[in-house]
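The primary structure of each chain is shown beneath.
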Amino acid sequence: LLLLCYTEEAAVIVSGLKNTDVFVGESATFTCELSHPGVKNVQWWLDGSPLHNNFVTEISEQDGMIHTLTLNDVACHDSGTVTFRAGSLISSAKLLVKGISLLD
């Protein structure tokens, strides 16, 4: 018998962020799945700067448990560490944006 206690303290990260490599101009998507909904203070960061929902940065959640960040039309300077925080839970991964070389 498995009893789940739905409190913020009981929430865990079921599936964390994964390192992602993309080319300039592509989109990069990061997903973090929590064990249950209702965790407060959800925030995404890129290299220590908080991210906000706009036309370049898409932040969404599904069922309050699957949190997704999509960075559209990335540039080389977007390379860095993406961090997801939900309450006391933290997951991080590297974003590497690769340029397209025109030199042979």
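In what follows, the accompanying structure is described. For clarity, every value in this text was computed on a predicted model and none was experimentally measured.

Description of the overall build of the protein
Next, step 1: From N to C terminus, the protein includes 0 helices and 9 strands.
Next, step 2: Tracing the protein from N to C terminus, the helices and strands come up as β-β-β-β-β-β-β-β-β.
Next, step 3: Considering the protein as a whole, with its 104 residues, one finds that 32% of them fall into the buried category.
Next, step 4: Partitioning the intrachain contacts of the protein with sequence separation of at least 6 by distance along the chain shows that 62% fall at a separation of at least 24.

What to know about the pairing of strand S2 (residues 20-23)
Next, step 1: A one-sided burial pattern is seen for S2, the buried positions being Thr20 and Val22 and the unburied ones Asp21 and Phe23.
Next, step 2: Direction of pairing for S2 relative to strand S9 (residues 89-98): parallel, over a ladder of 4 bridges. Paired with Thr20 across the bridge in S9 is Leu95.

Focus: the sheet that holds strand S4 (residues 42-46)
Next, step 1: In space, the 5 strands of this open sheet follow the order S2-S9-S8-S4-S5, with mixed pairing throughout. Either end of the sheet is taken by a strand with one partner, and the two such strands are S2 and strand S5 (49-50).

Describing the sheet that holds strand S6 (residues 57-62)
Next, step 1: Ordered in space as S1-S3-S7-S6, the 4 strands form an open sheet in which the pairing is antiparallel. Edge strands, defined here as strands with exactly one partner in the open sheet, are strand S1 (13-15) and S6. Taken pair by pair, the neighbouring strands of this sheet meet at an average axis angle of 25°, ignoring direction.

Side note on unusual backbone geometry
Next, step 1: Its identity is not glycine, yet Asn41 carries a phi of approximately 60°, on the positive side.
Next, step 2: The backbone phi angle of Asp63 is positive, close to 60°, even though this residue is not glycine.
Next, step 3: Within the secondary structure, Asp63 sits in the loop between S6 and strand S7 (66-71).
Next, step 4: Judged by relative accessible area, Asp63 falls into the exposed class, the value being 58%.

A look at the pairing of strand S3 (residues 28-34)
Next, step 1: With burial as the criterion, only one face of S3 is covered, namely that bearing Ala28, Phe30, Cys32 and Leu34; the residues Thr29, Thr31 and Glu33 on the opposite face remain uncovered.
Next, step 2: Bridging between S1 and S3 involves 2 bridges; their strand directions are antiparallel. Considered in S3, the bridge of Ile13 is made with Leu34.
Next, step 3: By the bridge criterion, 6 bridges tie S3 to S7 in an arrangement that is antiparallel. Note on S7: the bridge partner recorded for Phe30 is Leu69.

Rules behind the numbers
- Residues numbered from 1 in each chain as written.
- Predicted model: local features only at pLDDT ≥ 70, side-chain atom pairs only at ≥ 80, totals over all residues.
- Heavy atoms only, no water.
- Helix = DSSP H or I, 4+ residues; strand = E, 2+ residues; numbered from the N terminus.
- Buried < 20%, exposed > 50% of the residue type's maximum accessible area, 1.4 Å probe, protein only.
- Contact = heavy atoms within 4.5 Å.
- Pairing = 2+ DSSP bridges.
- Axes fitted to C-alpha atoms, helices over the stretch in contact; angles between N-to-C directions.

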